[in-house]
Amino acid sequence: MSRRFIQQLSDREQVDEVFLVADKQLRTNRQGGLYLQMRLSDRTGSVNAMMWNANEKLYHGFENGQYLQVQGTAQFYNGALQVIVNHFDHTPASQVDEADFMTLDVRAVDRLATRVSELLRGMQSNPLRNLAECFLMDEAFMARFTTAPAGIKHHHAYRGGLLDHIVSLMELATVVAPRYPEIDADLLLMGAFLHDVGKIRELTYERDLAYSDEGQLVGHLVIGVSLLDEKIREAGKLSGEGFPDELRLRLQHMILSHHGEYEFGSPKLPMTLEAIALHFLDNLDSKMHSIGGVMREDANDASAWTPYQATLGRKLFKGRRSNDATD
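Visitor: When you look at the overall build of the protein in this model, what are you seeing that I'm missing?
Guide: Helix and strand counts for the protein come out as 11 helices and seven strands. Reported as C-alpha extents along the three principal axes, the dimensions of the protein are approximately 65 × 55 × 40 Å. Going through the 327 residues of the protein one by one, you find that 46% of them count as buried. Taking as baseline every contact in the protein between residues at least 6 positions apart, the subset at least 24 positions apart corresponds to 57%. Between the averaged position of the 34 positive side-chain charges in the protein and that of its 45 negative side-chain charges there is a distance of 4 Å.

Shown next, in the form of structure tokens:
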């Protein structure tokens, strides 16, 4: 029998499926009782779940990143779907179809990785093409680059999400750069490739998505600059020529400034045409992906609106189903 995915669940539906668990917390309700809160996910999305009358033994009985066979009831609460868990059992990974929990399958990852190579190897700048080759030839780097997420909760928060985001951003760069001849198209493309590269070490993503110690203490901007400097040294050895100093500074600046504002973690504001373009294109891609995800994952088909999104300060209009529409 085929499984029921999270996007297929409806209000008051009985649930008996395997999910990947994350963000487990043991919390106290107003009456002083304990309950478990966690996130359940599959390849179609994630859902908040609660188990009432919990205890320390239940909390310590499983770890984030494990598979659980969950029995309970799906219900809408404040306009959002949640699962009330009655019982759960461990499910060995050997008994799970990993494809049910992969947003991107192997063929999609291979296709995206091939596109990255095509775009980078098509650059006209010899120094940038040599630099790109140092990344592309590094098998250990590429293995992590093609499996890392771009985040743990917001946009592209799934294995391969970083690759998905970067290819999308690089494609945007190829469209925008010709419209503004003052922009160095190769530099913008390379900046798009590099801007989040530090996330391969900032995040952990064997199964559960989380921050590494290095990610918590240093962050992906600094890690990204470190990776860039390492590959610039390799590029110099590969070509037998020094890497241009100004080009190095421009790339470092794009990594450090791409969040766009001090309050969003950028130690520098974007101060070059390419850095400014990168910031806005990155913001566009991340926002469109996260907002589209909110709409796709909203299981309440009875409403044309999503629940209020605190991070956006608004509800989102999904539109009405075609058979409900009127002229």
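Now that the structure has been shown, the text picks up again.
Visitor: Quick question: what am I supposed to make of helix α9 (residues 220-239) here?
Guide: An α-helical turn contains 3.6 residues, so a residue and the one three or four places further along point in the same direction. The terminal C-alpha atoms of α9, which comprises 20 residues, lie 28 Å apart, in line with the 28 Å expected from a rise of 1.5 Å per residue. All of the buried residues in α9 are H220, L221, I223, G224, V225, L227, L228, K231, I232 and A235. On its buried face, α9 sits against α3 (126-136), α6 (185-194), α7 (199-202), α8 (213-217) and α10 (245-257). Looking one or two places after α9, you find G240, whose phi comes out positive at around 75°.

Visitor: Sorry, what's going on with helix α5 (residues 161-176) here?
Guide: The terminal C-alpha atoms of α5, which comprises 16 residues, lie 22 Å apart, in line with the 22 Å expected from a rise of 1.5 Å per residue. The complete set of buried residues in α5 reads G161, L162, L163, D164, H165, I166, V167, L169, M170 and A173. In this structure, the buried side of α5 is in contact with α2 (106-121), α4 (139-145), α6, α7 and α11 (273-297).

Visitor: How do you make sense of the pairing of strand β2 (residues 34-42) when you look at a structure like this?
Guide: For a regular strand, side-chain orientation follows a simple rule: the groups alternate between the two sheet faces. Direction of pairing for strand β1 (residues 14-28) relative to β2: antiparallel, over a ladder of seven bridges. Counted as the bridge partner of L20 is S41 from β2. The pairing of β2 with strand β3 (residues 45-51) spans seven bridges and is classified as antiparallel. Residue Q37 lies in a different strand from β3, and its bridge partner there is M50. In this structure, the hairpin formed by β2 and β3 is closed by a connection of two residues.

Visitor: Whenever I open this one, the packing of α10 against α11 confuses me. Can you help?
Guide: Where α10 meets α11, the closest approach of the two axes is 9 Å, and the angle between their N-to-C directions is 30°. As summarised for this structure, α10 and α11 are arranged roughly parallel, according to the angle between their axes. Relative to α11, the crossing made by α10 is right-handed. In this structure, α10 contributes R250, H253, M254 and S257 to the contact, and α11 contributes E274, A275 and L278. Residue composition of the contact of α10 with α11, grouped by class: three nonpolar, two polar and two charged.

Visitor: Got a minute to help me understand the side chain of H253 in this structure?
Guide: Relative to the helices and strands, H253 is located in helix α10. H253 gets classed as buried once you look at its relative accessible area, which sits at 13%. The contacts of H253, once residues within four sequence positions are left out, are K268, L269, P270, M271, T272 and A275.

Visitor: Where do I start with a nonpolar patch on the surface in this structure?
Guide: The grouping of L217, V218 and V222 at the surface amounts to a nonpolar patch, some 300 Å² of accessible area in total. Positionally, L217 belongs in helix α8.

Visitor: In this structure, what is going on with the sheet that holds β1? I would like to understand it.
Guide: Strands pair in a sheet through their backbones, by hydrogen bonds, and they do so in one of two ways: parallel or antiparallel. The five strands are arranged β1-β2-β3-β5-β4 in a closed barrel whose pairing can be described as mixed. The mean inter-strand angle of the sheet, taken between neighbouring strand axes irrespective of direction, is 50°. Alignment of β1 against strand β4 (residues 67-77), held across seven bridges, turns out to be antiparallel. Bridge pairing links V15 to G72 in β4.

Definitions and limits used
- Residues numbered from 1 in each chain as written.
- Predicted model: local features only at pLDDT ≥ 70, side-chain atom pairs only at ≥ 80, totals over all residues.
- Heavy atoms only, no water.
- Helix = DSSP H or I, 4+ residues; strand = E, 2+ residues; numbered from the N terminus.
- Buried < 20%, exposed > 50% of the residue type's maximum accessible area, 1.4 Å probe, protein only.
- Contact = heavy atoms within 4.5 Å.
- Lys, Arg positive; Asp, Glu negative; His and termini not counted.
- Charge placed at Lys NZ, Arg CZ, Asp CG, Glu CD.
- Expected span 1.5 Å × (residues − 1).
- Pairing = 2+ DSSP bridges.
- Axes fitted to C-alpha atoms, helices over the stretch in contact; angles between N-to-C directions.
- Parallel < 35°, antiparallel > 145°, perpendicular 65-115°, else oblique.
- Left-handed = near helix turned anticlockwise from the far one by under 90°.
- Nonpolar A, V, L, I, M, F, W, Y, C, P; charged D, E, K, R; others polar.
- Patch = residues over 30% accessible without salt bridge, like charges linked within 9 Å, V, L, I, M, F, W, Y side chains within 5 Å.
- Areas by Shrake-Rupley, 256 points an atom, 1.4 Å probe, with all protein chains shown as cover.
- Salt bridge = Lys/Arg side-chain N within 4 Å of Asp/Glu carboxyl O.

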